[in-house]
Every structure is written in C-alpha cells, then in structure tokens.
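Single-letter residue listing:
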Amino acid sequence: MKVGIPRALLYYRYGEFWKSFFKCLNVDFIISPPTNKKILDQGVKYVSSEVCLPVKIICGHLDWLKNKATHLFLPRFVELNNGLYTCPKMIGIVDIARFHFQNYFQIISPKIKNNFYWTHFKLGLKLTKNPLKVKNAIDNAQKYLNSYPKLKANGAPKILLLSHFYNIYDYYISQPIIETFKNQGFTIITKEHLDNKRLNSTKGFAKNIRWVYERELYNAFYYFLPQVQGVCNIISFGCGPDSLISEVMLNEAHIQNKPFLQLIIDEHTSATGLITRIEAFCEIIKKRLDNNVSSIIL
Amino acid sequence: MKVAFPYLGYDTIALKKFVELLGAESCLGPPLTARTLSLGTKYSPELICLPFKITLGNFIEALEAGADTLLMAAGARKCRFGYYHYLQENILKKIDNRHCFYAISQYTPYEFFFKKMPQIFGVTPQKVIYATWLLLHYSALIDYFRKLIRLTRAYNFYDAQKKELEALRIIENVSSFKEVQKAKKELRKIFSPIINTSNEIIRIGLVGEIYLMLEPFANYEIEKELGKLGVLVVSKRSLYRHLKHLLKLDLFDLRTISNAYKYLKDSPGGEAIKTVGEAHIFAKKNIDGIIHIYPFTCMPENIAYEALQKLARDYEIPILSISIDEHTSKTGLLTRLEAFVEVVKRKKFKG
Ligand code: SF4
Ligand code: SF4
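Residues numbered from 1 in each chain as written. Chains lettered and ligands numbered in written order. Predicted model: local features only at pLDDT ≥ 70, side-chain atom pairs only at ≥ 80, totals over all residues. Heavy atoms only, no water.

Asker: Before we move on, could you go through the overall build of chain A and cite the residues and values that matter?
Answerer: When its secondary structure is counted, chain A shows 12 helices and 11 strands. Compactness check: chain A gives a C-alpha radius of gyration of 20 Å against a globular reference of 19 Å for 298 residues, within 12% of the reference. By its C-alpha atoms, chain A is 75 × 40 × 30 Å across when sized along the principal axes. Scored against the burial criterion, the 298 residues of chain A give a buried share of 58%. Considering only contacts within chain A whose residues lie at least 6 apart along the sequence, 74% involve residues at least 24 apart. About 12,800 Å² of surface is accessible on chain A, with carbon and sulfur atoms providing 52% of the total. Mean positive and mean negative side-chain charge positions of chain A (38 and 22 charges, respectively) differ by 7 Å. (Helix = DSSP H or I, 4+ residues; strand = E, 2+ residues; numbered from the N terminus. Rg over C-alpha atoms; globule rule 2.2 N^0.38 Å. Buried < 20%, exposed > 50% of the residue type's maximum accessible area, 1.4 Å probe, protein only. Contact = heavy atoms within 4.5 Å. Areas by Shrake-Rupley, 256 points an atom, 1.4 Å probe, with all protein chains shown as cover. Lys, Arg positive; Asp, Glu negative; His and termini not counted. Charge placed at Lys NZ, Arg CZ, Asp CG, Glu CD.)

Asker: Would you mind going over the sheet that holds strand β5 (residues 202-208) of chain B in detail, with residue names and values included?
Answerer: Residue and element names in this part refer to chain B. Strand order in the open sheet formed by four strands is β6-β5-β7-β8, with parallel pairing between adjacent strands. Edge positions in the open sheet fall to β6 (231-235) and β8 (319-324), since each of these has one partner strand only. Averaged over neighbouring strand pairs, the angle between their axes works out to 25° when direction is ignored. When β5 meets β6, the two strands line up parallel, connected through five bridges. Along β6, the bridge assignment pairs R203 with L232. Its contacts with the sheet place helix α13 (residues 272-284) against β5, β6 and β7 (289-295), and it is angled at close to 165° to β5. (Pairing = 2+ DSSP bridges. Axes fitted to C-alpha atoms, helices over the stretch in contact; angles between N-to-C directions.)

Asker: Which residues make up the domain arrangement of chain A, and what values go with them?
Answerer: All names here are of chain A. Here the domain parsing of chain A yields domain 1 (3-142) and domain 2 (158-295). Taken together, the contact between domain 1 and domain 2 spans 26 residues of the former and 23 residues of the latter. Summed over both partners, the interface of domain 1 with domain 2 buries about 2,100 Å², with 62% contributed by carbon and sulfur atoms. A salt bridge links E216 to R13, with the shortest nitrogen-to-oxygen separation between them at 2.8 Å. When residues of the side of domain 1 that touches domain 2 are traced back to their parent elements, those giving at least two are α1 (11-24), α2 (37-43), α3 (53-65), β4 (76-80), β5 (84-85) and α4 (88-101). Residue contributions to the side of domain 1 that touches domain 2 peak at four residues, all from α3. (Domains from an automatic or database assignment. Buried area = accessible area lost by both parts, 1.4 Å probe. Salt bridge = Lys/Arg side-chain N within 4 Å of Asp/Glu carboxyl O.)

Asker: Before we move on, can you summarise the site of ligand 2 with the specific residues and values?
Answerer: The environment of ligand 2 is made up of B:C49, B:P51, B:C79, B:R80, B:F81, B:Y84, B:E209, B:P295, B:C298, B:M299 and B:P300. Here the shell around ligand 2 spans two domains, since at least three of its residues come from each of domain 1 (2-122) and domain 3 (200-351) of chain B. (Near = heavy atom within 4 Å.)

Asker: Now, about the site of ligand 1: what can you tell me, with residues and values included?
Answerer: Residue and element names in this part refer to chain A. Residues in contact with ligand 1, as listed here, are C52, P54, C87, K89, M90, H164, Y166, C239 and G240. According to the grid-proximity analysis, the pocket containing ligand 1 is the largest cavity. Of the residues assigned to the shell around ligand 1, the class counts are six nonpolar, two polar and one charged. The residue makeup of the shell around ligand 1 includes at least three contributed by each of domain 1 (3-142) and domain 2 (158-295). (1 Å grid on protein atoms, 1.4 Å probe; cavity = no way out; pocket = protein on both sides within 12 Å on 5 of 7 lines; lining within 4 Å. Sits in = over half its atoms within 2 Å of the grid points. Nonpolar A, V, L, I, M, F, W, Y, C, P; charged D, E, K, R; others polar.)

Asker: Mind laying out the interface of chain A and chain B, listing which residues take part and the relevant values?
Answerer: The figure often quoted for interface size is the accessible area lost as the parts come together. Counting residues at the interface gives 37 residues for chain A, matched by 34 residues for chain B. The contact between chain A and chain B buries some 3,100 Å² in all, and 66% of this surface belongs to carbon and sulfur atoms. Taken together, the links from chain A to chain B amount to two salt bridges. Looking at the side of chain A that touches chain B, the elements with two or more residues in it are β4, α4 and α11 (240-255) of chain A. The greatest single-element share of the side of chain A that touches chain B, amounting to nine residues, is contributed by α4(A).

Asker: Go over the sheet that holds strand β2 (residues 25-26) of chain B with me, naming the residues and quoting the values.
Answerer: Neighbouring strands of a sheet are bound in pairs by backbone hydrogen bonds; such pairs are parallel or else antiparallel. All names here are of chain B. Spatial strand order, β2-β1-β3-β4: four strands in an open sheet with parallel pairing. Two strands lie at the open edges of the sheet, namely β2 and β4 (100-105), each paired on one side alone. Sheet topology note: the strand β3 (residues 69-74)/β4 ladder contains six bridges and is parallel. Bridge pairing in β4 links M72 to A103. In the packing of helix α3 (residues 50-64) onto the sheet, the strands contacted are β1 (2-4), β3 and β4, and the crossing angle to β3 comes to about 165°.

Asker: Give me the packing of aromatic side chains: which residues, what numbers.
Answerer: Applying the stated rule across the entire model yields 39 aromatic pairs over all chains. On the numbers, 5.8 Å between centres and 70° between planes, the contact of B:F59 with B:F101 is edge-to-face. Taken together, the residues span a long stretch of sequence, with B:F59 in helix α3 and B:F101 in strand β4 at a distance of 42 residues. On the basis of relative accessibility, which here comes to 10%, the residue B:F101 falls in the buried class. One aromatic cluster is present, formed by A:Y14, A:F17, A:W18, A:F21, A:F22, A:F29, A:F73, A:F77 and A:F116 through successive ring pairs. Taking the ring centre of B:Y138 as reference, the NZ or CZ of B:K17 above it sits at 5.6 Å. For B:K265, the ring lying beneath its charged end belongs to B:Y261, and the centroid distance is 4.4 Å. (Phe/Tyr/Trp six-rings, centres within 6.5 Å; stacked < 30°, edge-to-face > 60°. Lys NZ or Arg CZ within 6 Å of the ring centre and 35° of its normal.)

Asker: Any details on the domain arrangement of chain B? Residues and values, ideally.
Answerer: Residue and element names in this part refer to chain B. What the domain assignment lists for chain B is domain 1 (2-122), domain 2 (124-198) and domain 3 (200-351). A straight line from the C-alpha centre of domain 1 to that of domain 2 covers 25 Å. Around 1,700 Å² of area is buried between domain 1 and domain 2 when both sides are counted, 78% of it from carbon and sulfur atoms. Broken down residue by residue, the surface that domain 1 buries against domain 2 is led by Y10, K17 and L21, which jointly contribute 40%. Joining domain 1 to domain 2, the criterion identifies four residue pairs in polar contact (both at pLDDT 80 or more). Breaking the side of domain 1 that touches domain 2 down by element, the ones donating at least two residues are α1 (12-21) and α5 (109-121). Sort the elements by how many residues they give to the side of domain 1 that touches domain 2 and α1 lands first, with six residues. Tallied by class, the residues present in the side of domain 1 that touches domain 2 amount to 12 nonpolar, no polar and two charged. (Polar contact = N/O pair within 3.5 Å; in protein donor to acceptor, adjacent residues only side chain to side chain.)

Now the structure itself:
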C-alpha cells in the first residue's frame, strides 16, 4: 500500500499533520512535488476552464500521482469549527477526482463534518488495529496543525498579503509577488501571523461569514489594517468566496484610506504583468509615506 | 408601502399576489432589459456571478419607479447567494438612502412566519401563513401553466405565443384557492385543442442554477427558443418546487438526491445536487438530450458540470453546458442551441 498525497489545496494547511500521522502509523506515502508548469499544464486538461486555479493545480497533482501510488488520500472537508463551510469546490473536488482517477487508485476520502479528530481516528483504526497507537499518532501530529512556514516580519513598511494558504505557500503562484514586494523594501505580513483566537473571532462582519478560511482572511484583514501601509489580495479568477469578501474588504480599506490591490490570477497570468502592477502599487505607497513624513517634519 | 423584489419569470405573478395579500402594494419597476443588466454590472463587483448583477439592476430600477421597501432572499450556506444582500444593501444605500432593505432568510421558517414578515408588513403571523399557503397554490398553478406552454410551444409554436397572454390574464385574475382550481381547468381548455401530439418530437431536459432557469431575461428566453426549434423542454425546477423544498414538503427531492449520489457524494451547495440528480433521472428516462445552464463561474454548477460530463459518457446522452454572463451574445447562444438540437435529432431519428 502506498498512499499518494497531492501537494495542493488543503495540503498547505494539513499536510504536516498528515505526514506525521501516516508516519506514526507506518503507512508508506508519497507526496507530489511542488507545483511546476508541467503539473499545471496537465491539470487544466481535467476541468472546465472557468474553475479557479487551485482546483486546476490539484488536478495536475493527481495526474502526477496516478501511476505512483495505490491509494489516493483526499479527505472531503465539508464543515469545520461547528458549521463553517469550506467551499463548494473543496467539497466537489473529491468527486472530480473520482470521475477521472478511480481506475488508477483507490480513493480514501473520509468526510470531515465538524469532526476532524474522529474522522482521522476512524481512518487510523482501518490502518492499524491498535486504538492507542492511533490516538498517539493523532496527538503527535496535532502540533503540526498550526505550523506554517511564517514569512519573517522585520522592519517597516508593511504589506498585508491576503490570500488562501494554497496560493501563498504554493511558491509557483506566489513567488513573483512576494519577491517583488521584498525587492521594493516591504515586509510581508500574512494571516498566519495572527493567533488562532483572533483568526476565528466572530466580531463585526466576520460573524456573517460562514466560510471558514474566508472568515480567517477577513479577521486578519480587520486586525492588521491599521498596522500596515497597504493590502494586497490575491484572488483566483472564478473564486466565489473571494469575489464577495474581497469586495467587503475593499470597501473597508477605502473608508480607512488604505491602498488595496486586488491581483486576479489564473493559469494565463504572466509574472511580468503582476510585477509591473505591484511596482506601481508600491510607488503609490511610498509616495504617501514620503508625504506623511514631510508633513510630520513641517 | 411600495414593495419590490426581483423578478422571477412567470412566478413573479405569484410573488406579487403574495405581497398584495399582506396588504402592501408591489412596485417592481419596468421589465428587465439590457439597461437593467448594464446598471447592475456598473455597480457590482467585477467577479460576482450574474444573478447578483441582474437583481441589483432590478432593484435600482424599482427604486427609480418609486419602491420604498426592497425584499431579497438570503440565508448563507456554502454558496455566494446568501451573501448577496450584504453587498447589495450597501450599494443600494449609496444610490438611494430613503428605502428599507430587508434580507429574508430562506432557511428559518419560524422567524419568517412569526417575526420577520409580521414585522415588515405589520400583519399577524396567521395572515403570513395563509398568504404563504396561497402562494404555494398560485405557484403550483404557474408550474402547471409552464408545463402546458412548453408542450404547446413544441408542437405549435405560433399558436402558443398567441394563447400565452390570454392564459396569463387568467392567472393574474385568480384570487382564492377555489379560483386556482377553476383556472387550471380553463388553462387546459385553452391549450389542449392546440396541442397536436401526432408528430414525433425530441425532448430536452433543462437543468441548472435556479435563477437562470426561472427568469427568461437571464437565460435569453431559452425555453421559448427551444420551443421555436420544435423541442419539448422538460424541467423540474420552479418556484413551486423550491417552496415545497424549503417547507420540506417535496418528496421528489429525495429521489433527486439519491439519483445524484452516484456522481456527487455530498452537496457542494447551491443547486448542484438537483442539477445532477435531475439530469440522471432524465438520462434514465431516455430523454433525448440535456441542456445545463448556469452563471459563469457559478461554483456549485462548475462541480455539477464535471459530473454531467461523466454522466454524458456513462449514458451516451448529448449534454450542452452553457455558462452565461453579461457578455454572452444571444446570436452565439442561438447558434449553439441550433447545432445541439441538430445533433440530438440526428442521434434520435437515425436509428
Ligand atoms: S475558496 Fe476559491 S480558490 Fe479556493 S477552492 Fe474555493 S473557489 Fe477555489
Ligand atoms: S449558485 Fe452560482 S450563481 Fe447562484 S449565488 Fe451561487 S455561485 Fe452565484
């Protein structure tokens, strides 16, 4: 038995957890490599052109895995944190995987509906008979649940880079963006810099948001807005939740007079185009900073 | 009080009666036109789905016509729809600050009957329940009318066009439960003589996102155009069914969901599960082809699309998926419809 895990979508949040979990249970697994052009080019063949980039990317990863594993691990995240939804596409991706890849491997897709722990526990019991071992494996893995490779924050001025974790930590997508901000002398803050309690807060508009990751984005936005010089929001073309919440954030940023840049990406986006837009955006912020400084001196 | 809500195709008549039963005047603004859409698009976020843009334009025009109370369905779940009203309320407030905007959650019947509606309209809960009960019957009548008109169009398009107005007038004049029954009989009398079932026609199942299925302006009158091509449109979606679904009275629901299960093991939200379930039922019933319409980038229907691709392979049934946004051209759409109908006809009559 060899379990394939696609390095895409929810992997960027729960990947370390799964790795530790499977390791403890002595399950052999293979993870697809970081996204590259070939993976993306394969991925777009499987779904209609109007779906969001992350879904196309994960299809490419499934394609990469298809002859290299006997099983595919792709849990179906329906609800988390007491009734917060993920996104229609994260629910549907498991079915899409079934349509295209069920002849290549057996798909393990436990359904997670407010029972993250139990779902993994039950899955563990199928892999080993010893419940204690399963419990240990999960407890061990828990510490990886909130461990992201945090981008280092030091020195001003700061940019809040808002996007889903599978966009920011998939460097194939985010690298040109992050690099450009750094080259321009900005420090990047992401929602991962905020503690869990604040991320899940239900204050203000956040309580209306019933998409779990979108609520986190909004809370991070709300919390960091006064501290940063500008906000950059990376949105996949065709992303439903972002199309709404980004608009809410944009309005708020306007009210507080903070520069807000929406970068809409898809598989045709060229790095050069992105870089030009970011540079122009940075110029605006720098000009504002200069003006403020001079007004303070005067 | 002048109440506006978004147009909903033929079912608008039923909703109007509902509002009037609650003692208010309805003021919906002019019928939907290209102006509605361009107004809506102008004020909408760029990446939002089409129903948002049309309903927003619809509200703006209603305000222009003098509406002072706007009602929008709500209820946040997996999909964008439940969030429409937050943004729309904001946008509309900037355009006109004298109106009241109410979001009516679809999934909290208790609140609907006992709090929200009595509060808005200043009536007793009993009255709301009675009005809803009648709304159910009105929409059932309209559902029935749509079935008849589809049949007539397929066999006798030009007569159907002529009789449509007459039929709608009958529906508009209905004002009690008894009259609903009488109207049904009258409708049958109008349409049955001109339905001539002698020649063989093709049947195409229509599935997709509910607003696009119900509002002819949003779907470029797809049902009429198919009727013109001599196609019998089969569709299970209507306000009547939706209300029954919300009130948990629709037994057909279970069948739809169980039929969707082969393709979607879990609902991705919106109407995807119905789209797939109905398409599966159509495929099993030997319907000749399926047309799937949905707003461009609609999340649940994007998933349904992938499922329908698989279904098309499994059942060797022709499926045409059409995603619609404000840039869709009617001519392009008609060409695609004609080509598809040709394919379906050739497949059916060659054997
Ligand atoms: S949240 Fe947006 S980007 Fe992520 S899977 Fe859903 S639609 Fe795609
Ligand atoms: S069902 Fe589709 S069109 Fe309707 S709100 Fe959801 S994403 Fe938009």
